[in-house]
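Architecture at a glance
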Amino acid sequence: MNHRSWMRSQGFTSEVFDGRPVIGIATTWSELAPCNVHLHRVAESVKRGVWQSGGFPLEFPAMALGETLLRPTAMLYRNLLAMEAEELIRANPLDGVVLLSGCDKTTPGLLMAASSVGLPAIMVTGGPKLNGKYQGTDVGSGTAVWRWEEDLLAGRMTQEECAFAEGCMSRSDGHCMTMGTASTMASMAEALGMQLPYSASWPAVDSRRYETAQRAGQVIVDLVEHDVTPDKIMTREAFENAIRVNAAIGGSTNAVIHLLAIAGRLGVPLELDDFDTLISGVPTLVNLQPSGKYLMEDFCYAGGLPAVMRELGDLLHSGPLTVTRKTVGENVKDAPCWNRDVIMPLDQPFQAAGTGTAVLRGNLAPDGAVIKQSAASPHLLKHRGRALVFDSPEAYHQVEADPELEVDEDTVLIIRYCGPKGYPGMPETANVPLPAKLLKRGVRDIVRICDGRMSGTAYGTVVLHVAPEAAVGGPLALVRTGDWITLDVPARALTLDVPDDELAARRAAWTPPPRTATRGWTWLYTEHVQQADTGCDLDFLTGASGPEVGRESH
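Just so it is clear, the model here is predicted, and its values are computed rather than measured. (Residues numbered from 1 in each chain as written. Predicted model: local features only at pLDDT ≥ 70, side-chain atom pairs only at ≥ 80, totals over all residues. Heavy atoms only, no water.)

**Some words on the pattern of salt bridges**
On inspection of all chains with the given rule, the structure shows 32 salt bridges. For the salt bridge of D274 with R236, the shortest nitrogen-to-oxygen distance reads 3.0 Å. In this pair, D274 is assigned in helix 12 (residues 274-277) and R236 in helix 10 (residues 236-249), connecting sequence segments 38 residues apart. The closest approach of N and O atoms between R340 and E311, which form a salt bridge, is 2.9 Å. In this pair, R340 sits in the loop between helix 15 (328-332) and strand 7 (357-362) while E311 sits in helix 14 (residues 304-312), placing the two residues 29 residues apart along the sequence. Taken together, the shared-partner salt bridges in this structure form one network comprising E67, D104, K105, E428 and R453. (Salt bridge = Lys/Arg side-chain N within 4 Å of Asp/Glu carboxyl O. Helix = DSSP H or I, 4+ residues; strand = E, 2+ residues; numbered from the N terminus.)

**Things to note about the pairing of strand 9 (residues 382-390)**
Pairing analysis gives five bridges linking strand 9 to strand 13 (residues 484-488), with the strands arranged antiparallel. Residue H383 lies in a different strand from strand 13, and its bridge partner there is L487. Summarising the sheet, strand 9 and strand 10 (residues 412-415) pair through four bridges and their orientation is parallel. The residue of strand 10 that forms the bridge with L388 is L413. (Pairing = 2+ DSSP bridges.)

**What to know about unusual backbone geometry**
For the bond running from R71 to P72, omega is 0°, close enough to zero to count as cis. Within the secondary structure layout, P72 lies in the loop between strand 2 (56-61) and helix 3 (75-91). The amide bond that connects A467 to the next residue, P468, takes the cis arrangement and shows omega of -5°. Mapped onto the secondary structure, P468 falls in the loop between strand 12 (462-464) and strand 13. With phi around 55°, D227 is a residue other than glycine that occupies positive phi space. Mapping D227 onto the fold places it in the loop between helix 8 (207-225) and helix 9 (230-233).

**Regarding the packing of aromatic side chains**
Tallied over the entire structure, the rule returns eight aromatic pairs. Ring geometry for Y198 against W202: centres 6.4 Å apart, planes inclined by 35°, an arrangement best described as tilted. Looking at Y198, the relative accessible area reads 26%, which means it is partly exposed. The class for W202 is buried, based on a relative accessible area of 16%. Across from the ring centre of Y210, 3.9 Å away, lies the NZ or CZ of R41, which sits over that ring. (Phe/Tyr/Trp six-rings, centres within 6.5 Å; stacked < 30°, edge-to-face > 60°. Buried < 20%, exposed > 50% of the residue type's maximum accessible area, 1.4 Å probe, protein only. Lys NZ or Arg CZ within 6 Å of the ring centre and 35° of its normal.)

**A short note on the side chain of T107**
Turning to its location among the elements, T107 is positioned in helix 4 (residues 106-117). Those residues in contact with T107 that sit more than four places away from it in its chain are S101, G102, M123, T125, M185 and A189. (Contact = heavy atoms within 4.5 Å.)

**As for the packing of helix 5 (residues 143-154) against helix 6 (residues 159-169)**
Orientation of helix 5 relative to helix 6, taken along the N-to-C sense of each, is 175°, at an axis distance of 11 Å. Considering the angle they form, helix 5 stands roughly antiparallel to helix 6. Here A144, V145, W148 and L152 of helix 5 lie close against helix 6, whose contacting residues are Q159, C162, A165 and M169. (Axes fitted to C-alpha atoms, helices over the stretch in contact; angles between N-to-C directions. Parallel < 35°, antiparallel > 145°, perpendicular 65-115°, else oblique.)

Note that every value here comes from positions in space, so none of it alone points to a role or purpose.
Here is the structure:
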């Protein structure tokens, strides 16, 4: 009586307490997270579906992580969202949950939470923006920004032109419409089987986005009735599918960290090297920015992710269960492709097999580093050059416009202390703009190496996620300006050409940076965050906890 009485203050009639499934709708809506600002309307569509199927929907807020505004980086708070949502789902009397996400970290954060709790769950992402339009051409969010930033530094674009272009690039609700991290993680949720087919690509303002949300509300009630929990969907085979799909769509390198973290919550064995070995026979099929030409709206109209998965055929496991309670193979067996310039056939791919994310190792990255080959310059994939070292992106930005900076097209630019502990939070700072003196000479790419991340919308020959990071004494901390570095992507090698005895002397003289925090979330994060090669989760959160841990009976 106590519980019902308080709930009835919201005006619910008595029959909603008749034992029907209670469905939580976890929304990351916030005006501080522009990509997620329409999720309150998406939630209303979900509620319609839940009511239709005999459930009782209750919406609740979860932390919104807007990549563009949150400082120092949204990645610092992904694990906090995952922990908050996990505790909210577990602590409340819920039978199932619908996860509403949009911007980069909200999708993996909510999937991590659902994986830990183990209640039936379904993901509904908010969808991409409409294509940007500027001076008669399509422009992609994020990807165009990096290009315009360089054009501004080089004097090819004015501040006034940039200000006008901003509005042209962002002309509707939704997340980035390039194959950035938000689009990638929406695709990963669908490839894992946690999101309805076609959900990843419907534009945010398309009526079918809301139709899909209503359908998800119906589906979650069905999942509860049949006790279909995330661990029955996100199996090892499902993760293998997601990794291969990521290669086929030219997806973000950030998917590596997020998939490792989700798998860690489920206890599914997944390692960094899997992201290289599993894609050896997978070509890039999707011609989307930043690797290609088109945008998510075009991808949607061409057939979306089901068309890609059908095209991959036997490269994917057809048997994993999905939220439809059908298998992957059943979901995509009849998926049509309507535009072969956007989604190319397997025998005539956009880029050849093996051009997805490569995992590099060597004395500069003993625990691994990654590079997105499809967004890199082919002539730089085998390269040797002298290092130019900066201990923070801010230190580099102070001199990037200096015409006397000692840098040329062979330089290997090192930006370090940007890892999980070092920054803290592992920001998207690896794809720094090239020095202005090179841009003015027409140089558009040089090798960059960082223990941080880069935006999925970015491009360039950028080595990322170097592990161990500099802040914990990884070899990146020992590099000095002028050292020779060899990058050999075909050989999967990243080498600092310095004798071992000299490195030992440098290590003996190295001192760790001062602590970044002494209290609060940042302290907890830096004390317990794992390295990039295992997904940057907190060490005490790996492994599923289940729905009843610390939970009183309701």
